[in-house]
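Chain and residue survey
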Amino acid sequence: GDMNRDKGPSKGMVKLLSETPVRNTVHVDDRGRPITKQQLLEPFVLPNLVGVSIATFLPGQTMMPPHEHESMHELFFVIEGSGIFEINGVQHDVSPGTFLHMA
């Protein structure tokens, strides 16, 4: 077909998580360890969308400092494990199947 493994189809893309490299984000935990991600869609491939990635938090890892983005929405879907997200000062327990939208 019209699919190139690196670029994807001419009107979309297919990417396997198992073939997507892990890389560090700019965020670290309270011990200085990086939060990692697998970038599924590079930033700004779609106008006004920063990108799509799978972030990985190690057991007990907390992102420091807590932060928000003034001009970006973030979407989170918990695949495995559990944790706590704070939104507008309210802590939410999350577990597999939880979807979060942070504006």
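Our structure's up above, just so we're on the same page.
The text that follows walks through the structure, step by step, so that each part is easy to find.

Definitions and cut-offs
- Residues numbered from 1 in each chain as written.
- Predicted model: local features only at pLDDT ≥ 70, side-chain atom pairs only at ≥ 80, totals over all residues.
- Heavy atoms only, no water.
- Salt bridge = Lys/Arg side-chain N within 4 Å of Asp/Glu carboxyl O.
- Buried < 20%, exposed > 50% of the residue type's maximum accessible area, 1.4 Å probe, protein only.
- Pairing = 2+ DSSP bridges.
- Helix = DSSP H or I, 4+ residues; strand = E, 2+ residues; numbered from the N terminus.
- Core = buried A, V, L, I, M, F, W, Y, C linked by side-chain atoms within 4.5 Å.
- Contact = heavy atoms within 4.5 Å.
- Polar contact = N/O pair within 3.5 Å; in protein donor to acceptor, adjacent residues only side chain to side chain.

1. Some words on the pattern of salt bridges
Opposite charge on two side chains allows them to pair when their charged atoms are near. Counting across every chain of the model gives one salt bridge. In this structure, Arg33 engages Asp29 in a salt bridge whose closest nitrogen and oxygen atoms are separated by 2.7 Å. Judged by its relative accessible area of 24%, Arg33 falls in the partly exposed class. Residue class for Asp29 comes out buried when judged on its relative accessible area of 3%.

2. Let's talk about the sheet that holds strand E5 (residues 52-56)
Pairing is antiparallel in the open sheet, where four strands are placed in the order E5-E4-E3-E6. Edge positions in the open sheet fall to E5 and strand E6 (63-64), since each of these has one partner strand only. Taken together, the two bridges between strand E3 (residues 23-29) and E6 define a ladder with antiparallel strand orientation. Of the residues in E6, the one forming a bridge with Asp29 is Met63.

3. Some points on the nonpolar core
Core analysis: the largest hydrophobic core is formed by six residues, namely Phe76, Val78, Phe85, Val94, Leu100 and Met102. Setting aside residues no more than four positions away along its own chain, Val94 makes contact with Val78, Gly81, Ser82, Gly83, Ile84, Phe85 and Leu100.

4. Thoughts on the side chain of Thr36
Within the element layout of this structure, Thr36 appears in strand E4 (residues 34-41). Not counting chain neighbours up to four residues away, the residues in contact with Thr36 comprise Val22, Arg23, Asn24, Thr25, Ile54, Ala55 and Thr56.

5. A look at the side chain of Gln38
Positionally, Gln38 belongs in strand E4. At 2.8 Å, the side chain of Gln38 and the backbone oxygen of Thr20 are in polar contact.

6. Digging into the environment of Glu68
Tracing the sequence through the fold places Glu68 in the loop between E6 and strand E7 (74-77). For Glu68, a relative accessible area of 69% gives the class exposed. The spatial distance from the C-alpha of Glu68 to the C-alpha of Ala103 is 8.1 Å, given a sequence separation of 35 residues.

7. A look at the environment of Arg31
Inspection of the secondary structure puts Arg31 in the loop between E3 and E4. Each C-alpha atom of the pair Arg31 and Thr62 lies 8.8 Å from the other, and the pair is 31 residues apart in sequence.

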